[in-house]
Structure formats: structure tokens, C-alpha cells
Amino acid sequence: MTAPTAPRAASGDSAAAGAWTRRGPVDLPGPEGDNSIAREPLWYAYGAGDDAPEAPPWTWVPQPPPDTHVPPPPPRGGGPREPLPLGTHDRLAGLPYPALPGPLGSADRPAAEPVGDRLGRALVTAFGPQRREPENPYNDHRPYASPRCLFPVHAFVDGGAGMPWRLLEPDRHALTGAPAAPARNVVLTGRYTSVPPAYQWFRGSLIAIELGFVLRALSLGLELFDVPARLRLPGRDAHRLLPVLGLDDGWAWSLPFVVELDGEEGHVPPEPSALAGHAPTEPPDHLPRTDPALAALIRVNREQTYDGAAAPLTTAVPADLAPSAVAPDWAELLWRRHSGRMPRALHGMSGRRRTVPAEALDSAARWLSVPPPGPELAAAFEALKVTAVVQGVSGRADGVHLLRDGAAHLLRADPAAPRRLEERYGYGLSPVNGCGIHDAPLTVFLSVRTRELFERLGTAGWGAVQHAAGWAAHGLCLSAAASGLFARPVRAFKEIPTQRVLGLDPDEMIVLSVVVGVPQDTGGALLDLRL
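Residues numbered from 1 in each chain as written. Predicted model: local features only at pLDDT ≥ 70, side-chain atom pairs only at ≥ 80, totals over all residues. Heavy atoms only, no water.

Novice: Where do I start with the sheet that holds strand 8 (residues 257-261) in this structure?
Specialist: Two pairing modes exist for strands in a sheet, parallel and antiparallel, and in both the strands are linked by backbone hydrogen bonds. Spatially, 1-5-4-3-6-8-7-9 is the arrangement adopted by the eight strands of the open sheet, whose pairing is antiparallel. The open sheet is flanked by strand 1 (81-83) and strand 9 (311-312), the only strands paired with a single partner. In this structure, strand 4 (residues 165-169) lies alongside strand 5 (residues 174-177), joined through four bridges in antiparallel fashion. When the sheet's bridge partners are listed, L168 is paired in strand 5 with L175. Contacts between helix 3 (residues 115-127) and the sheet are confined to strand 3 (153-158), strand 4, strand 5, strand 6 (185-190) and strand 8, with strand 3 contributing the most and set at about 175° to the helix. (Pairing = 2+ DSSP bridges. Helix = DSSP H or I, 4+ residues; strand = E, 2+ residues; numbered from the N terminus. Contact = heavy atoms within 4.5 Å. Axes fitted to C-alpha atoms, helices over the stretch in contact; angles between N-to-C directions.)

Right, dumping it as C-alpha cells:
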């Protein structure tokens, strides 16, 4: 997943670099042509009611290049290690795509595995490494996209009834921690300090979006292995769960999602008196001075709480999908998901111009129509507007389309739109970077009116719409894989000129974009890591 480089400093000889452009009754976030990093906190403030938001003072502070960032080491569980079940790849290879298997005991699944083994297979399906690409600067590759393959979202498993948590370590193919007990809950939380400081406030959105990716990936795994579950979004006391996960830096992690399994109630946070000696959940005192953007995004995350009850996980897969010509089974589909490859350790994405069948667009629209579980995320999903720039799709006009209710509707014929989009992309074609936007058959944009979103869902709508966008985009990634295409989630488009290409109104924030392209064969090796 690609996001923009660090914001540039305001120019001393250009008033446009530091002033907002008036577009109606209020001053909407600007300035003209700037990237998404600078605009993120402005969109939040505008959604919360500020009609003339101003950039925080740290917006223009120079940051080290993202490539210089050394993320903290991944958390390592202490205690015994329980291997996850082997042979999950073979089980997935026996499940034809796009069919979903029936429940245990049905004709197509007569043998029942213990629920613990089925959960283990679901975790491998969602998180397990798929491959290593020696010529790719970012490794390893899992079934879902992640910025720079950092995978800042982690999963923990507990046995309910106050049992300690175990850490899922996909690279070790194991659950590590307390003595093994029947799993009852899975918690998902993301570590902000894994993402380079150059992304500033956008680190919060990257974590929230990846939580949406992971939620759909895990939902699919649970669905394929018939593990019923419910999603409990963070409540007002959710921060109290972070210290007991065995993390030394609980303050640096997002409020947890709890996936409750097998009808059990979610993990009950401990009483404050039981947290003596645990890491704090509030940012340390020095953070507002040393990394004010991080302190601000953590403060906003702690406001992303919900009052609703746990909601059953619904299907992650649209109904009545056509068979895939390239992915006969679910194992092959997950193997084929990728974000575009470049040869010789170069960056970016390569693509080529080719006419693709209408089914590629139809499938994308169907995957983008499946809502996430629970009323809050579903409401945020409904608030998203999905606009696509289409070219070279059989039987469809080149131009801007609206994707809604599982279908594509032409808004404006515009054969030049892909070229204009590439001109507004932050990582253009260069000797060290590929850019396949000009040739992409489909570039999808998920946008929302933040003011209307906040009026409907309160400040929690900010996180909910990021999660919903990640859920939608992961579906698009799987759709692309089924069509023999790559899908690269990005946030590197300059927002205001991109709004004009798409015909969006100035108060529509672009939450996430996905470039869907025709891959080029780089000749590089793909090392199979599946178990």
C-alpha cells in the first residue's frame, strides 16, 4: 500500500502554499494541490464542525524519509509456543473459488475438525505469509495489502474467562504465550510506531484502514472454516485491555477490536487495581514535544468508541460470483493477490495496456458492495461514495463511473482521465519508480463527506469510515486477483485536482484509492511460504 511522502514545507513566495481556497460558505481543507498527509487533520476538524480549519504547526516540520525509519521489533510472546495446524494451504486448495463451503456436517464438509484447529486455519488463511519476492524491496507478502509490508496490525488470542492472551506470530506459524486453552476471543490492534514518522497524522489512518483489511481477511478465513464469530467494536473501557496483552508500549497501539468466537462473551477488561505494573495506555509526557502528530492521532483514536453490542460477522464474499479463469480455488486466489511488481528491486508498480473483460469491472463492483459487520461500520460503509476511472474494459465507456449496489454507472465519458490522474499522482514514473496508472483499466476512489459522517456517527465516524474503506478495498484486491490483475491501495494522489478529474465536490474527502492494473511479468522469483 502506498501513501504520500512527507509534506513539503510551505513556500515563502506563494500565498497558495499556506492559505485555503474558499469554495462555498466555509473554507474547506487545502491548500491547492497538496498531498493527503497535510489535509488529514483538517478533514477531521472540518467534520467535527470547524468551518475554517488551520493546519497544526507540526504539519510543515521536515521529517526523515520513510526509507530511513527502523520500526520497533515485532512483539514476541513469552511462554510456550503452540504451532498452528499444518496443511491449511492444502485445505484451501480443496475449496473451489468462488463457492463457500457448507456448514460442518453438510454433504460438502462431512468431517469436523476441533474448533481450535479450525480457528488456527482461519488465522493462517488471514495472516499467514504467502511468498517472498527476492527482487521486491518490501517482504514478506501476506493475503492482504499493508503499507511497505510493515503489517502493523497484530492479533492476540485468549481462552475467555480471564485466561491470558497469546500472540499470533505468523512468521513462526504459532500462538505464543500462556499455556494453550480453547480459544474464545481474537483481538486486533495496530502499532502506530511501526509506521514511519514521515506519515505524521496519517499513521492513524493507515492503522485504521489496515484494521479494515484485516477484519475482512479474518472474516473470510472464519467463513471458509466455519467458525461463527461476533465483532465487538471498542467501548469506552477498551483502552484497559491494551496493557494486559503483554505489550511494553500499550500507549502506542490502537483501541482493540474483539472478535468473539463460539458464542462466548468478549474478554472483560480488568479492574484498574489489577493493572499495577502494566504499561500505560496514554502517551508518555514527552510525546507532545518529540512527536506531536503521534500524540494527536493517539488522542483522536481514544475517542473512537462505540456503545453498540457485539454484532455477528456477516459474509465477506458477494453472492453469485462468476468462476475465475486464473484462480480455481481459494488457495490460488490468495496466492495471486499482489500490489503490482517491479523488476530489480525498483519501487512502484508496473502495468501494461490491455483490454480486460467486462467481468473484471462487474466483479469489482460486486465485491465493493458487501458491507462490513455491525450497524456502525455498515453505516460508515453506506456513507462511502465509490468512483472509478475506467478504460479498456470490454463494452464499457472509458471515463468516470459510479460503483453502487454491485453495478457500474457511467457518470462522464472521459478517455483522458487516466492520463490526468497520473499527472496528479505523487510517485510519478522515474528511473527508480514505476507508475502504472496511465495504463490501469480501473482506478477506484472511496470518498466521504466528513461533515455529514460526523453528524450521523459522531467523532467515531472518522475511524469507522477508515475501517469500512479498508474492508471495501480488500474485497477489491481479491476481485482483482480473481481477474488476473493487481490491486495497489494508495493515498498519494493530490486531492483537490483529483476531485476535479472525478467530478467530486470540494467537501468530499478521498479516504482511499486502489489502482487495479494488468501486471507485467518481471521474471522475478516467487518463493512459496505457505503451510
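Novice: For this particular structure, what's the right way to read helix 6 (residues 292-301)?
Specialist: In an α-helix, one turn spans 3.6 residues, which is why side chains three or four residues apart end up on the same side. The element helix 6 is extensively covered by neighbouring structure, given that eight of its ten residues are classed as buried. Inspection of helix 6 places A293, L294, A295, A296, L297, I298, V300 and N301 among the buried residues, and these make up the whole buried set. (Buried < 20%, exposed > 50% of the residue type's maximum accessible area, 1.4 Å probe, protein only.)

Novice: Whenever I open this one, the sheet that holds strand 12 (residues 399-404) confuses me. Can you help?
Specialist: Sheet architecture is open: six strands sit in the order 13-12-11-15-17-16, paired in antiparallel fashion. Among the strands making up the open sheet, the edge pair consists of strand 13 (407-413) and strand 16 (486-490). Taking each pair of neighbouring strands and ignoring which way they run, the sheet shows an average axis angle of 25°. Sheet analysis places strand 11 (residues 385-390) next to strand 12, joined by four bridges and oriented antiparallel. Among the inter-strand pairings, V390 is bridged to a residue of strand 12, identified as G399.

Novice: When you look at the pairing of strand 8 in this model, what are you seeing that I'm missing?
Specialist: Within a regular beta strand, the side chains point alternately toward one face of the sheet and then the other, so they alternate between its two faces. Extensive coverage of strand 8 is indicated by the burial of five of its five residues. Where burial is concerned, the two faces of strand 8 agree: the one with F257, V259 and L261 and the one with V258 and E260 are both buried. In this sheet, strand 8 lies alongside strand 6 in antiparallel orientation, the contact comprising four bridges. Within strand 8, the position partnered with V187 by the bridge is V258.

Novice: What is the right way to read the nonpolar core from this model?
Specialist: A general trend in soluble globular proteins is that nonpolar side chains are found buried together. One finds F127, V186, L188, L222, V259, L261 and W330 to be the most contacted residues of the largest nonpolar core, which totals 128 residues. Examining the composition of this core, we find that 15 residues originate from one element, helix 12 (residues 460-482), more than from any other. Residues contacting W330, with those up to four places away along its chain left out, are L92, L95, P96, Y97, P98, A99, L100, L220, L224, V317 and W367. Listed in part, the 20 residues of the second largest apolar core include A417, L421, V490 and I510. (Core = buried A, V, L, I, M, F, W, Y, C linked by side-chain atoms within 4.5 Å.)

Novice: How do you make sense of the pattern of salt bridges when you look at a structure like this?
Specialist: As a working rule, side chains carrying opposite charge can pair if their charged atoms are close by. Per the counting criterion, the structure on display carries 30 salt bridges. D291 is the partner of R203 in a salt bridge, and the nearest nitrogen-oxygen pair spans 3.0 Å. Linking R203 in helix 4 (residues 202-224) with D291 in the loop between helix 5 (287-290) and helix 6, this pair joins segments that are 88 residues apart in sequence. The buried category is assigned to R203, whose relative accessible area is 1%. What makes D291 buried here is its relative accessible area of 16%. With a shortest N-O distance of 2.9 Å, R419 and E423 are connected by a salt bridge. With R419 and E423 both in helix 10 (residues 417-423) and four residues apart, the pair spans about one turn of that helix. Here the salt bridges do not stand alone but share partners, grouping K385, R449, D505, D507 and E508 into one network. (Salt bridge = Lys/Arg side-chain N within 4 Å of Asp/Glu carboxyl O.)

Novice: Hey, could you run me through empty space enclosed by the protein in this one?
Specialist: Using a probe with the size of a water molecule, rolled over the atoms, empty space left in the structure can be pinpointed. One pass over the full model with this rule turns up six cavities of 30 Å³ or more. Of the voids in this model, the largest cavity is the one considered here, and its volume is about 210 Å³. Lining the largest cavity are 20 residues, with Y192, G204, A208, N301 and Q304 positioned closest to its centre. Looking at the lining of the largest cavity, the elements with two or more residues in it are helix 4, helix 6 and helix 12. Looking at the lining of the largest cavity element by element, the count peaks at five residues for helix 4. Its residues assigned to classes, the lining of the largest cavity shows twelve nonpolar, eight polar and no charged. Residue lining of the second largest cavity: L231, L233, Y306, G308, A309, A311, P373, G374 and E376, and that is the complete set. By residue class, the composition of the lining of the second largest cavity is six nonpolar, two polar and one charged. (1 Å grid on protein atoms, 1.4 Å probe; cavity = no way out; pocket = protein on both sides within 12 Å on 5 of 7 lines; lining within 4 Å. Points joined across faces, edges and corners; volume = space filled by probe spheres on them. Nonpolar A, V, L, I, M, F, W, Y, C, P; charged D, E, K, R; others polar.)

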